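Here are the chains, one letter per residue:
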Amino acid sequence: MGIWTLIVNALKVGYLAYGGGGTMIVLVHRLFVAPGFISEDLFSRMVGTTFLVPGPFGINIGALAGYEVGGLIGIFIMVLGITAPSFTLMPLFWHIFKNLTENRWTLGFKKATKVIGWALSFFAAILILKNVIIHIGHTMSIVVSVYSLIWIWIMYKYKLHPAWFIGITMIVGIAMGLVGLA
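Since the model is a prediction, treat every value here as computed from it, not as a measurement. (Residues numbered from 1 in each chain as written. Predicted model: local features only at pLDDT ≥ 70, side-chain atom pairs only at ≥ 80, totals over all residues. Heavy atoms only, no water.)

### Section: the overall build of the chain
Phase 1 of the analysis: Of regular secondary structure, the chain possesses seven helices and zero strands.
Phase 2 of the analysis: Shown N-terminal to C-terminal, the secondary structure of the chain runs as helices and strands in the order α-α-α-α-α-α-α.
Phase 3 of the analysis: Each principal axis of the C-alpha atoms in the chain carries an extent, and together these give about 60 × 45 × 25 Å.
Phase 4 of the analysis: By the burial criterion, 27% of the 182 residues in the chain qualify as buried.
Phase 5 of the analysis: For the chain, the accessible surface area stands at approximately 11,900 Å², while carbon and sulfur atoms represent 75% of it.
Phase 6 of the analysis: Positive and negative side-chain charges of the chain, numbering 11 and 4 respectively, have mean locations separated by a distance of 15 Å. (Helix = DSSP H or I, 4+ residues; strand = E, 2+ residues; numbered from the N terminus. Buried < 20%, exposed > 50% of the residue type's maximum accessible area, 1.4 Å probe, protein only. Areas by Shrake-Rupley, 256 points an atom, 1.4 Å probe, with all protein chains shown as cover. Lys, Arg positive; Asp, Glu negative; His and termini not counted. Charge placed at Lys NZ, Arg CZ, Asp CG, Glu CD.)

Quick look at the structure:
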């Protein structure tokens, strides 16, 4: 991948991935895996790694993708491209919308971006599930899905921080690995 292609892809991820880091999975996949710059297997490992590392998920996945295709300069380009909207669009939107808090257009914009974020998160989840099925099979995918849904319910009902899910899941994963189930 050339440097200009990397810059354009970084800006695409930054400006088009609404809804947070999780929604960037689909776009990074489309821009880096589909054309063959990163393998499907490596991308799956990158996604798993970024969920384990603290920090903003979108920047982490972008930095890893940038590193794989452009080394240290690739990290720099991807991080700048992903954070570019924060320095360009947000001040512009703040200036435009600061006096329009109850305007119907502002409320519609807020609702639309929320729907877009949920839709992109849904497609990212489907992409992850597809890779999980490929790598661990249908039965284990169902087990992982049910386990995750139970944890989502527990976190919602008891107002638990997601760190509980991450920590206990790491313990369960280690235990499964020790007994040969994973």
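### A word on the packing of helix α2 (residues 24–33) against helix α4 (residues 57–97)
Phase 1 of the analysis: Two elements in contact, α2 and α4, have axes whose closest approach is 10 Å; the angle formed by their N-to-C orientations is 20 degrees. In terms of their interaxial angle, α2 and α4 are classed as roughly parallel. Between α2 and α4 lies a crossing whose hand is right-handed. Contact residues: α2 offers M24, I25, V28 and F32, while α4 offers F57, G58, I61, A65, V69, M78 and I82. (Axes fitted to C-alpha atoms, helices over the stretch in contact; angles between N-to-C directions. Parallel < 35°, antiparallel > 145°, perpendicular 65-115°, else oblique. Left-handed = near helix turned anticlockwise from the far one by under 90°. Contact = heavy atoms within 4.5 Å.)

### Regarding helix α5 (residues 104–136)
Phase 1 of the analysis: Taking 1.5 Å as the rise per residue, α5 with 33 residues should run 48 Å; its terminal C-alpha atoms sit 47 Å apart, in good agreement.
Phase 2 of the analysis: Looking at the buried positions of α5, the neighbouring elements they touch are α2, α3 (40–52) and α4.
Phase 3 of the analysis: Within two residues after α5, G137 carries a phi angle of roughly 90 degrees, on the positive side. (Expected span 1.5 Å × (residues − 1).)

### With respect to the pattern of salt bridges
Phase 1 of the analysis: Across all of its chains, the model carries one salt bridge by this definition.
Phase 2 of the analysis: Its salt-bridge partner being D41, residue R45 comes within 3.4 Å of it at the nearest N-O pair. Here D41 and R45 lie together in helix α3, a separation of four residues that amounts to about one turn. (Salt bridge = Lys/Arg side-chain N within 4 Å of Asp/Glu carboxyl O.)

### Notes on the environment of K114
Phase 1 of the analysis: You can see K114 is positioned in helix α5.
Phase 2 of the analysis: In the structure, K114 is positioned 107 residues away from I7 in sequence and 27 Å away in space, judged by C-alpha atoms.

### Quick word on unusual backbone geometry
Among all residues except glycine, the phi angle is most often negative; among peptide bonds, the trans geometry is most common.
Phase 1 of the analysis: Positive phi, close to 55 degrees, is recorded for K159, a residue that is not glycine.
Phase 2 of the analysis: Within the secondary structure layout, K159 lies in the loop between α6 (138–158) and α7 (162–179).

### Considerations on the nonpolar core
Generally speaking, soluble globular proteins have nonpolar side chains that are buried together.
Phase 1 of the analysis: V13, V28, F32, I38 and F43 are the most contacted members of the largest nonpolar core, which has 26 residues in total.
Phase 2 of the analysis: For this core, the elements supplying multiple residues, two or more each, are α1 (3–16), α2, α3, α4 and α5.
Phase 3 of the analysis: At eight residues, the largest contribution of residues to this core is made by α2.
Phase 4 of the analysis: Setting aside its immediate chain neighbours within four residues, V28 contacts V13, V33, F43, I61 and A65. (Core = buried A, V, L, I, M, F, W, Y, C linked by side-chain atoms within 4.5 Å.)

### Some words on the packing of aromatic side chains
Phase 1 of the analysis: Scanning all chains against the criterion turns up one aromatic pair.
Phase 2 of the analysis: With 6.5 Å between their ring centres and 80 degrees between their planes, W153 and Y158 make a pair best called edge-to-face.
Phase 3 of the analysis: Note that K159 overlies the ring of Y156, its terminal NZ or CZ placed 5.5 Å from the centroid. (Phe/Tyr/Trp six-rings, centres within 6.5 Å; stacked < 30°, edge-to-face > 60°. Lys NZ or Arg CZ within 6 Å of the ring centre and 35° of its normal.)

### Side note on the side chain of S44
Phase 1 of the analysis: Assignment of secondary structure puts S44 in helix α3.
Phase 2 of the analysis: By relative accessible area, S44 is classed as buried at 19%.
Phase 3 of the analysis: Each residue touching S44, except ones within four places of it in the same chain, is listed here: N131 and H135.

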